[in-house]
Amino acid sequence: MQRYSLAALLRHGLNGHRGWQANWGVEQPQASYDAIVIGGGGHGLATAYYLAENHGLRRVAVLEKGWIGGGNTGRNTTIIRSNYLFPESAAFYDFSVKLYEKLSRTLNYNIMFSQRGMILLAHSRHDMENVSRWASAMHLNGIDAEILDAARVKKLVPIIDASPSARIPIYGGMNQPRGGSARHDAVAWGYARAAAARGVDIVQNCEVLGFETAAGRISGVVTSKGTIAAPKVAIAVAGHSSALAAKAGIELPVNSYALQAFVSEPVKPMLDTVVLSPATGMYFSQSDKGELVIGGGLDLYASYAQRGNFPTVEKTVAAMVDMFPSVGRLRFMRQWAGIVDVVHDSSPIIDRTSVPGLYINCGWGTGGFKAIPAGGWTFAHTIAHDDPHPLAKPFGFARFTSGAMIDEAAAAGIAH
Ligand code: FAD
Ligand code: PYC
């Protein structure tokens, strides 16, 4: 791993930053690997890191068609929480939060993890019932949750309009104190650097175009940089999962939609928690630079365009200005979308596929950033042992035939 002395830092700073060595990445892939991971998002990079670190596989490549973190990992609004309803999800996502709690130290890279709490707003008596049941489910699963009345919401979020005349009334809410956020790029870069330091080849600008098989097993991939052999190939390409898996003859129960986010100009500290209003689909937090990081619901039709469309922006901003009138004159600096991979029970898929040697991690929809450490950990185990990790087992393909769905639509944060 690269370490710099103070003198070296000064020298680099004064000479225009020439001469830094790259922390990861090779231009050309080797002819063969023990395992190939397709997709240099958080899940692919974490998978490669844990393959090397937990399972001793060093001849591993991550193939990324663009740049690492350029997909949803670098486009998301970084909410981390484990407030799900079902025991399978609670165990999985809380394992992820626990890995996040020590990730900066694990990777020796500051991912700026901040457990500032995550508040879900209740706008009606019905919403209050809902969050009460939700908090009870969390307590039964051993996860922190507190019910808030309107006065406590106002105390935690002073800029909210909780007055009796507010157009969107505030009845109260629910807080997960251990929820929060982390810097998305840093998660990708931290895993990439740590994986590369363990011998993983990270190959950017390398698109996987198809699969090679021999005697019914996977034997490699065809890429924009040539054909590469490997007995194990793992897909972690989020919104492009169904299109890529189809090239191996696999039909996935996944649809792809645009999910948008926006960032305001920076302002002085005004919010030190994460706030989400499930009923309106509006949520926001404040970044360490002062920008408000804002998101809304899914665009309503399936799409691969990383733009999003205007009605979603309008609806989100209208709800935000109603609830937080003081933001009404702020200007937006940026708007974008990512293509999210949606399964009809709003839960992910981590499993082997029907092609021996081919594995898949997908279906994170609007909520897979929080799952990156656990997704990588359990997917690496699944690949290394050719058998699902116990935490991943409920999230396999079997549920689509057994009917044992894990329907987390109500706890998805942003419905998907
Ligand atoms: P990605 O980061 O998308 O990585 C997949 C990679 O695969 C991409 O880099 C892509 O270029 C590459 N790829 C695709 N096809 C190929 C190919 N053929 N060959 C090679 N490479 C290929 N989650 C949360 O938990 N909290 C949030 O607050 C949150 N907010 C969100 C807000 C927005 C606007 C969006 C879009 C998503 C949000 N999410 C959130 C969801 C989260 O971002 C994703 O679930 C997560 O980042 C998925 O990670 P990934 O590694 O699977 O996918
Ligand atoms: O998963 O918590 C989440 C989330 C909120 C907004 C988008 N995803």
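Quick caveat, the model's predicted, so the values are computed rather than measured.

K.L.:
Looking at this structure, I do not really get the site of ligand 2. What am I missing?
P.N.:
Neighbouring ligand 2 are Ile79, Arg81, Leu276, Tyr283, Thr366, Gly367, Lys370, Ala412 and Ile414. With respect to ligand 2, the side chain of Arg81 contributes an N or O atom lying 2.5 Å from an oxygen atom. Summarising the interface, the protein chains cover 96% of the accessible area of ligand 2, which totals 240 Å² for the free molecule. Along the lines of polarity and charge, the residues of the shell around ligand 2 split into five nonpolar, two polar and two charged.

K.L.:
Before we go on, may I ask you to explain the packing of helix H3 (residues 87-101) against helix H10 (residues 372-385) in this structure?
P.N.:
In a packed pair of helices, the relevant descriptors are the angle between the two axes and the axis-to-axis distance. Two elements in contact, H3 and H10, have axes separated by 7 Å at closest approach and are oriented at 105°. Taken together, the axis directions place H3 and H10 in an arrangement best described as roughly perpendicular. Here H3 contributes Phe92, Phe95, Ser96, Leu99 and Tyr100 to the contact with H10, which in turn contributes Ile372, Pro373, Ala374, Gly375, Trp377 and Thr378. By residue class, the composition of the contact of H3 with H10 is eight nonpolar, three polar and no charged.

K.L.:
When you look at the site of ligand 1 in this model, what are you seeing that I'm missing?
P.N.:
Around ligand 1, the structure places 38 residues, and the nearest of them are Glu64, Asn72, Thr73, Ile79 and Lys370. Gly42 is positioned such that a nitrogen or oxygen atom in its backbone is 3.2 Å from an oxygen atom of ligand 1. In the model, an oxygen atom of ligand 1 is placed 3.3 Å from a nitrogen or oxygen of the Thr78 main chain. Alone, ligand 1 offers 1000 Å² of accessible surface; in the complex the protein occludes 96% of this. Looking at the shell around ligand 1, the elements with two or more residues in it are helix H2 (42-55), strand S13 (255-264) and strand S17 (332-342). Here the element with the most residues in the shell around ligand 1 is S13; it accounts for three residues. Here the shell around ligand 1 is built from residues that sort into 15 nonpolar, 18 polar and five charged.

K.L.:
Hey, could you run me through the pattern of salt bridges in this one?
P.N.:
Between side chains of opposite charge, a pair can form when the charged atoms approach closely. Within the structure shown, the criterion is met by 17 salt bridges. The salt bridge involving Asp288 is made with Arg116; its shortest N-O contact spans 3.5 Å. Placement of the pair is Asp288 in the loop between strand S15 (282-286) and strand S16 (292-302) and Arg116 in the loop between helix H4 (103-107) and strand S4 (118-122), with a sequence separation of 172 residues. Taking relative accessible area as the criterion, Asp288 reaches 59% and is therefore assigned exposed. Here Arg167 ties to Asp322 by a salt bridge, and the two come within 2.6 Å at their closest N and O atoms. With a gap of 155 residues between them, Arg167 in the loop between helix H6 (150-156) and strand S6 (172-176) and Asp322 in helix H9 (residues 310-323) connect regions that are remote in the sequence. One salt-bridge network, in which partners are shared between bridges, spans Asp94, Lys98, Glu101, Asp144 and Arg178.

K.L.:
Can you walk me through the packing of H2 against H10 in this structure?
P.N.:
Two elements in contact, H2 and H10, have axes separated by 7 Å at closest approach and are oriented at 55°. Taken as axis vectors, H2 and H10 run oblique relative to one another. As for the relative orientation of H2 and H10, their crossing is right-handed in sense. Side by side, H2 and H10 meet where Gly42, His43, Ala46, Thr47, Tyr50, Leu51, Asn54 and His55 of the first sit next to Ile372, Pro373, Gly375, Gly376, Trp377, Phe379, Ala380, His381, Ile383, Ala384 and His385 of the second.

K.L.:
Whenever I open this one, the environment of Gly41 confuses me. Can you help?
P.N.:
Inspection of the secondary structure assignment puts Gly41 in the loop between strand S1 (35-38) and H2. Sequence-distant contacts of Gly41, that is, excluding residues within four places in its chain, are made with Glu64 and Thr73.

Definitions and limits used
- Residues numbered from 1 in each chain as written.
- Chains lettered and ligands numbered in written order.
- Predicted model: local features only at pLDDT ≥ 70, side-chain atom pairs only at ≥ 80, totals over all residues.
- Heavy atoms only, no water.
- Near = heavy atom within 4 Å.
- Polar contact = N/O pair within 3.5 Å; in protein donor to acceptor, adjacent residues only side chain to side chain.
- Areas by Shrake-Rupley, 256 points an atom, 1.4 Å probe, with all protein chains shown as cover.
- Nonpolar A, V, L, I, M, F, W, Y, C, P; charged D, E, K, R; others polar.
- Axes fitted to C-alpha atoms, helices over the stretch in contact; angles between N-to-C directions.
- Helix = DSSP H or I, 4+ residues; strand = E, 2+ residues; numbered from the N terminus.
- Parallel < 35°, antiparallel > 145°, perpendicular 65-115°, else oblique.
- Contact = heavy atoms within 4.5 Å.
- Salt bridge = Lys/Arg side-chain N within 4 Å of Asp/Glu carboxyl O.
- Buried < 20%, exposed > 50% of the residue type's maximum accessible area, 1.4 Å probe, protein only.
- Left-handed = near helix turned anticlockwise from the far one by under 90°.

Nothing here speaks to function; it is geometry throughout.
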